[in-house]
Amino acid sequence: MSHNLLKGKRGIIFGALDENSIAWKTAERVFEEGGSFVLTNAPVALRMGTINELAEKTNAQVIAADATSEKDLENLVEKAVEILGGKIDFVLHSIGMSVNVRKGRHYTDQNYDWTQKGLDISAISFHKTMQTLYKKDAMSAWGSIVGLTYMAAQRVFPDYNDMADNKAYLESVARSFGYFFGKDKKVRVNTISQSPTPTTAGKGVKGFDGFIEYADKMSPLGNATALECADYTITLFSDLTKKVTLQNLYHDGGFSNMGVSQQVMEKFVTE
Ligand SMILES: NC(=O)c1ccc[n+]([C@@H]2O[C@H](COP(=O)([O-])OP(=O)(O)OC[C@H]3O[C@@H](n4cnc5c(N)ncnc54)[C@H](O)[C@@H]3O)[C@@H](O)[C@H]2O)c1
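Residues numbered from 1 in each chain as written. Predicted model: local features only at pLDDT ≥ 70, side-chain atom pairs only at ≥ 80, totals over all residues.

A. Up close: the overall build of the chain. The helix and strand tally for the chain stands at 11 helices and 7 strands. Taken over the C-alpha trace, the chain has a radius of gyration of 18 Å; the compact-globule value for 271 residues is 18 Å, and the two agree within 12%. The dimensions of the chain, computed from C-alpha atoms along their principal axes, are 65 × 45 × 40 Å. Of all 271 residues assigned to the chain, the portion counted as buried reaches 45%. Intrachain contacts of the chain at a sequence separation of at least 6 include 73% that bridge at least 24 residues. (Helix = DSSP H or I, 4+ residues; strand = E, 2+ residues; numbered from the N terminus. Rg over C-alpha atoms; globule rule 2.2 N^0.38 Å. Buried ≥ 20, exposed ≤ 12 C-beta atoms within 10 Å, placed from the backbone. Contact = placed C-beta atoms within 7 Å.)

B. Highlighting the sheet that holds strand E3 (residues 61-64). With parallel pairing, the 7 strands of this open sheet are ordered in space as E3-E2-E1-E4-E5-E6-E7. Either end of the sheet is taken by a strand with one partner, and the two such strands are E3 and strand E7 (248-251). Recorded for the sheet is a direction-independent mean angle of 20° between the axes of neighbouring strands. As paired strands, strand E6 (residues 188-194) and E7 are joined by 4 bridges and run parallel to one another. From the neighbouring strand, Gln 194 faces E7, where its bridge partner is His 251. Packing of helix H4 (residues 70-84) onto the sheet brings it into contact with strand E1 (10-14), strand E2 (36-41), E3 and strand E4 (88-93), and relative to E2 it is tilted by some 155°. The strands touched by helix H7 (residues 163-185) within the sheet are strand E5 (139-149), E6 and E7, with E6 carrying the most contacts at an inclination of about 155°. (Pairing = 2+ DSSP bridges. Axes fitted to C-alpha atoms, helices over the stretch in contact; angles between N-to-C directions.)

C. Focus on the site of the ligand. Neighbouring the ligand are 27 residues; Ser 21, Ala 45, Gly 96, Ala 201 and Gly 202 lie closest to it. Among the secondary structure elements, those contributing two or more residues to the shell around the ligand are helix H1 (22-32), E5 and helix H8 (200-203). If one sorts the elements of the shell around the ligand by residue count, H8 sits on top with 3 residues. Looking at the shell around the ligand residue by residue, the classes come out as 14 nonpolar, 12 polar and 1 charged. (Near = placed C-beta within 6 Å. Nonpolar A, V, L, I, M, F, W, Y, C, P; charged D, E, K, R; others polar.)

D. Seen up close, the nonpolar core. Core analysis: the largest hydrophobic core is formed by 56 residues, its most contacted members being Ile 12, Ile 13, Ala 16, Ala 27, Leu 39 and Ile 88. Sequence-distant contacts of Ala 16, defined by excluding residues within four places in its chain, comprise Ser 21, Ala 23, Trp 24, Ala 27, Leu 39, Asn 41, Ile 51 and Leu 54. The next biggest cluster of nonpolar side chains, apart from the first, holds 8 residues, and it includes Met 151, Ala 153, Tyr 160 and Met 163. (Core = buried A, V, L, I, M, F, W, Y, C linked by C-beta atoms within 7 Å.)

E. Region of the structure containing the packing of helix H6 (residues 112-135) against H7. Where H6 meets H7, the closest approach of the two axes is 8 Å, and the angle between their N-to-C directions is 10°. By the angle between their directions, the pair H6 and H7 is classed as roughly parallel. Only Met 163, Asn 166, Tyr 169, Leu 170, Val 173, Phe 177 and Phe 181 of H7 make contact with H6, whose side of the interface consists of Gly 118, Leu 119, Ser 122, Ala 123, Phe 126, His 127, Met 130 and Tyr 134. Residue classes in the contact of H6 with H7 are distributed as 11 nonpolar, 4 polar and no charged. (Parallel < 35°, antiparallel > 145°, perpendicular 65-115°, else oblique.)

F. Region of the structure containing H6. At Ile 124, H6 is bent by approximately 50°, the largest bend along its length. The inward-facing, buried residues of H6 contact H4, E4, helix H5 (99-102), E5 and H7. Downstream of H6 by a residue or two, Asp 137 has a phi angle that is positive, lying close to 50°. (Bend = angle between axes of the 7 residues up to and from the residue.)

G. Broad picture of the packing of H4 against H6. Packing of H4 against H6 leaves a shortest axis separation of 9 Å and a crossing angle of 45°. Taken together, the axes of H4 and H6 are oblique relative to one another. Crossing geometry of H4 relative to H6 is assigned as right-handed. Residues Glu 70, Leu 73, Glu 74 and Val 77 of H4 pack against Lys 128, Thr 129, Thr 132 and Leu 133 of H6. Residues of the contact of H4 with H6, tallied by class, amount to 3 nonpolar, 2 polar and 3 charged. (Left-handed = near helix turned anticlockwise from the far one by under 90°.)

H. Focus on unusual backbone geometry. Even without being a glycine, Asp 137 presents a positive backbone phi close to 50°. With respect to the secondary-structure elements, Asp 137 resides in the loop between H6 and E5. Of note, Lys 186 is a non-glycine position whose phi angle comes to about 60°, a positive value. Tracing the chain through its elements places Lys 186 in the loop between H7 and E6.

So yeah, pure geometry; function would need other evidence.
Below is the structure:
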């Protein structure tokens with residue numbers, strides 16, 4: 001269902017790897033709402049994924065960029081403005097990767113080269129993206145930048161490993177850069193804290209199946225899907241949320257404010 005909420009708006013969408021990706025669903029919804037955009041991902045992901053299929057469906061061009069490379073980000077922003085024919089109204093940062101998680105390295109036994117690589121990809125890349133947009137003055141006034149995060153930034157989820165620290169950093173960058181972007185350019189910056197979602201990144205976390213089920217049973221509205229996350233992101237890109245900034249917004253069916261639910265309790269009651 002389209003409401004033309006993003007008609008005439010131009011954007012950059014990071015992180016669509018395959019049709020399960022939150023960024024993929026967001027690109028489809030942005031297109032439905034009348035927005036135009038360029039898609040970007042790391043060169044290796046472009047080779048592995050099916051992004052061209054999405055690009056075709058949404059009339060988007062694909063620009064390769066490793067989000068840890070300032071040079072790639074500069075090229076991306078310059079090209080996006082040129083292709084789209086003006087400044088950028090919305091940006092989705094939908095990037096996450098922990099080498100320690102991927103290689104099964106426990107939180108108490110980190111390989112710090114991997115820790116740093118994961119931090120650079122998952123969190124510092126958000127700063128680099130915003131710094132590039134800011135220095136090039138590439139964002140329109142009342143533009144909107146959204147990053148995706150997870151509640152392990154606030155609470156302990158042992159198997160989330162060093163991604164928890166990466167998300168805490170990411171959320172802090174959203175506030176700190178959001179201050180300058182708001183004051184100097186009238187641009188808002190927020191993070192969405194999403195339910196566990198079955199994507200390539202999500203399923204990389206140990207015990208994901210049990211974990212997603214647990215979150216679902218704890219949440220009065222159940223887990224939020226990738227498509228629902230896309231819908232929420234559309235509202236943040238639209239002109240209906242112009243004064244929402246520096247926020248970490250929970251999109252998790254209520255999970256973040258729960259202590260225990262009846263469905264979870266029932267698993268422990270013996271009589
Ligand atoms: N899936 C979940 O359970 C969940 C929950 C909360 C938040 N998130 C967050 O949502 C975001 C999107 O993840 P997803 O679940 O859609 O998984 P996904 O695996 O589909 O997307 C992750 C993306 O990051 C990209 N990426 C990795 N390294 C990169 C680099 N150097 N440069 C540019 N891009 C790079 C990958 O190519 C991929 O497209 C991530 O920030 C993730 O942490 C996911």
